[in-house]
Amino acid sequence: MAPPATPLPFLLLATLLAAAPLLPPAAAEPEAFDVRRHLSTVTRYDVSRASNSVVSAPSISDECRVIHLNLVARHGTRAPTKKRIKELDRLAVRLGTLVDEAKQGSDTASLKKIPSWMKGWESRWKGRVKGGELVSEGEEELFNFANRVKERFQDLFDEEYHPDVYSIRATQVPRASASAVAFGLGLLSGKGKLGAGNNRAFSVLSESRASDICLRFFDSCKTYKDYRKRKEPDVDKQKEPILEHVTSALVSRYHLKFTTQDVSSLWFLCKQEASLLNITNQACQLFNEDEVHLLEWTDDLEGFVLKGYGESINYKMGLPLLKDVVQSMEEAIIAKEENFPDGTYEKARLRFAHAETLVPFTCLLGLFLEGSDFEKIQREEPLDLPPMPPQRRNWKGALVAPFASNNMLALYQCPGNDGKKTSQDQKNSYFVQVLHNEAPVSMPGCGNKDLCPFEEFKEKIVKPHLEHDYDMLCKKPVAAAEEEPSSFSSKLNFFLDLLSRKGYRVKGQDVKTEL
């Protein structure tokens, strides 16, 4: 008879001791665990901002003035999509079946272990035939964000609104355009004569989904679609041991015959309840803290491999957006150099899209990397996968791309060394500051400076990516389309072998799990 699998808590303890040098000293009073901070990309924006411990004090002189702002933002908190609503309806039926099976058994003690909420549970979205829309909490996220932007860059937004001065763009997906509207209402509140809030009308531009390679480049990139289709089964294999272990733990804990699909759906329900409804004492309470960390890691792994640094096509296809950002800054510099009067040139380009837009753009800027990884992505070398808990990692979906997540690139004009601008120092008098979720961040491609000279920003961060062309990247056949890159395959085999040796049960067949 085979020995029983090693319990996960023991593995975590052993790993924790081995990884101790990687962890910070224990705080005197550790902060209470809050599952709402560990929901990966389903995390609410305000919760994510409160969780961000990165503090940066940008060295911007009082003499520098912001002259242009680029914003790339994800839509705010949304309702579950139609596909996910159906999944929750199936989960309700499944939970009813599990509870009924338990009641038919002879073990009355086991019935007491079943959480009371599970008996007769129905989805909050039962009967809905449509989904995915921006909810009121998402509207508030963008509205409040806009007010903070307006306050932070007062000089930039002191001018009367004109659509060519403050350009607002969104994809044609309703939750993105609704996010743009919520942001615009906050940005322009008090600027017009409409209603009690003195609002004013404003323009939101959208391109057809079929041709929007600036904000929906992932829709038109065949190379990326082929890559994702090939990689999704690999990601499922990597997630499977975690799901199997958590499933085994829940079966033992609650004496219900959960499957891995049940656990996947329950984890999704936890995220929806905690994020949209602020409910943490139902589905989320099924999992202990270690299990939440592991399930969060599976979500983060999926985002890393399929949207982030897992393969260069993930972010290289975002080149049209990067070019658009740089072009807008160059046009702003020309306007300043040629003394264009206010109202005749663009001061802000504000874009609202999706996680599939924001994450590649974040990668193009080289954010959330480990150590010397920036040099690797410049050479298009594969990166290591995000380390498993309890090891620390920079790539966390809750920080990289929560609801309403954003990157702002503020362009500053600063005086020359002698306090005057001359034609000789024009190129050196403009600087770029990158803010991720409103916090200034250092740029690995610019010597980890938080204020990067514009020409250096173009040379060291942007130029290496410009060796590629979107059409060539996305429309030519994938080289060796049926072959797996050796680096990814070897990492996968090593990962699965390691889990097997540590006591996880790793099956050969794929288990399709969509978290």
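Each remark here, short or long, concerns the structure printed above.
Small disclaimer: the values here were computed from a predicted structure and weren't measured. (Residues numbered from 1 in each chain as written. Predicted model: local features only at pLDDT ≥ 70, side-chain atom pairs only at ≥ 80, totals over all residues. Heavy atoms only, no water.)

Turning to a positive patch on the surface, a few remarks are in order. Positive charge collects at one region of the surface, where Lys82, Lys86, Arg90 and Lys130 lie side by side. Note that lysine 86 resides in helix 3 (residues 82–104). Taking relative accessible area as the criterion, lysine 86 reaches 48% and is therefore assigned partly exposed. (Patch = residues over 30% accessible without salt bridge, like charges linked within 9 Å, V, L, I, M, F, W, Y side chains within 5 Å. Areas by Shrake-Rupley, 256 points an atom, 1.4 Å probe, with all protein chains shown as cover. Salt bridge = Lys/Arg side-chain N within 4 Å of Asp/Glu carboxyl O. Lys, Arg positive; Asp, Glu negative; His and termini not counted. Charge placed at Lys NZ, Arg CZ, Asp CG, Glu CD. Helix = DSSP H or I, 4+ residues; strand = E, 2+ residues; numbered from the N terminus. Buried < 20%, exposed > 50% of the residue type's maximum accessible area, 1.4 Å probe, protein only.)

Below, the discussion takes up the nonpolar core. Core analysis: the largest hydrophobic core is formed by 99 residues, its most contacted members being Phe258, Phe287 and Phe457. Two domains each put at least three residues into this core: domain 1 (46–79 + 133–221 + 304–475) and domain 2 (108–132 + 222–303). If we skip the residues at most four places from it in the chain, phenylalanine 457 touches Val326, Met329, Leu365, Leu409, Val432, Met443, Cys452 and Val462. Counting residues in each nonpolar core, the second largest holds 35 residues, with Phe153, Ile168, Leu350 and Met408 among its members. (Core = buried A, V, L, I, M, F, W, Y, C linked by side-chain atoms within 4.5 Å. Domains from an automatic or database assignment. Contact = heavy atoms within 4.5 Å.)

A word on unusual backbone geometry. Of note, the amide linkage connecting proline 389 to proline 390 takes the cis form, showing an omega dihedral of 10°. Position of proline 390 relative to the elements: it lies in the loop between helix 13 (373–378) and helix 14 (397–400). Despite not being glycine, serine 40 has its phi angle at roughly 55°, a positive value. Residue position: serine 40 is located in the loop between helix 1 (8–18) and helix 2 (45–51).

What follows concerns the packing of aromatic side chains. Applying the stated criterion across every chain yields a total of 11 aromatic pairs. Each ring, one from tyrosine 309 and one from tryptophan 395, has its centre 5.6 Å from the other, and the planes form 70°; the classification is edge-to-face. Highlighted residues: tyrosine 309 in the loop between helix 9 (289–306) and helix 10 (312–316) and tryptophan 395 in the loop between helix 13 and helix 14, separated in sequence by 86 residues. Each member of the pair, tyrosine 309 as well as tryptophan 395, is classed as buried. The aromatic ring of phenylalanine 268 is capped on one face by arginine 84, whose charged end is 4.1 Å from the ring centroid. (Phe/Tyr/Trp six-rings, centres within 6.5 Å; stacked < 30°, edge-to-face > 60°. Lys NZ or Arg CZ within 6 Å of the ring centre and 35° of its normal.)

Here the focus is the side chain of threonine 77. By the secondary structure assignment, threonine 77 is in the loop between strand 1 (65–74) and helix 3. Residue threonine 77 is classed as buried on the basis of its relative accessible area, which comes to 1%. Engagement of the side chain of threonine 77 in a polar contact is seen with the side chain of arginine 44, the distance being 3.3 Å. Apart from residues lying up to four places away in sequence, threonine 77 is in contact with Arg44, Glu133, Leu134, Val135, Gly138, Glu141, Ser275, Leu276 and Phe403. (Polar contact = N/O pair within 3.5 Å; in protein donor to acceptor, adjacent residues only side chain to side chain.)

Before going further, it helps to spend a moment on the environment of glutamate 273. Mapped onto the elements, glutamate 273 comes out in helix 8 (residues 260–277). When the C-alpha atoms of glutamate 273 and arginine 36 are compared, they prove to be 9.6 Å apart, with 237 residues separating the residues in sequence. With residues up to four places along the chain from it excluded, the contact list for glutamate 273 reads Trp121, Asn278, Ile279, Gln282 and Ala283. A polar side-chain atom of glutamate 273 sits 3.3 Å from the main-chain amide nitrogen of alanine 283.

Over its 23 residues, helix 3 extends 34 Å from the first C-alpha to the last, a length consistent with the 33 Å expected when each residue adds 1.5 Å. For helix 3, every residue scored as buried is listed here: Arg84, Ile85, Glu87, Leu88, Leu91, Ala92, Leu95, Leu98, Val99 and Ala102. Buried positions along helix 3 lie against helix 4 (108–111) and helix 8. (Expected span 1.5 Å × (residues − 1).)

Now for the packing of helix 5 (residues 136–152) against helix 6 (residues 174–187). Closest axis-to-axis distance for the helix 5/helix 6 pair is 7 Å, and the angle between their directions is 40°. The angle between helix 5 and helix 6 falls in the class oblique. Note on packing geometry: the crossing formed by helix 5 with helix 6 is right-handed. Listed contacts from helix 6 to Glu139, Leu142, Phe143, Phe145, Ala146, Asn147, Val149 and Lys150 of helix 5 are Ser179, Ala182, Phe183, Leu185, Gly186 and Leu187. Looking at the contact of helix 5 with helix 6 residue by residue, the class counts come to 9 nonpolar, 3 polar and 2 charged. (Axes fitted to C-alpha atoms, helices over the stretch in contact; angles between N-to-C directions. Parallel < 35°, antiparallel > 145°, perpendicular 65-115°, else oblique. Left-handed = near helix turned anticlockwise from the far one by under 90°. Nonpolar A, V, L, I, M, F, W, Y, C, P; charged D, E, K, R; others polar.)

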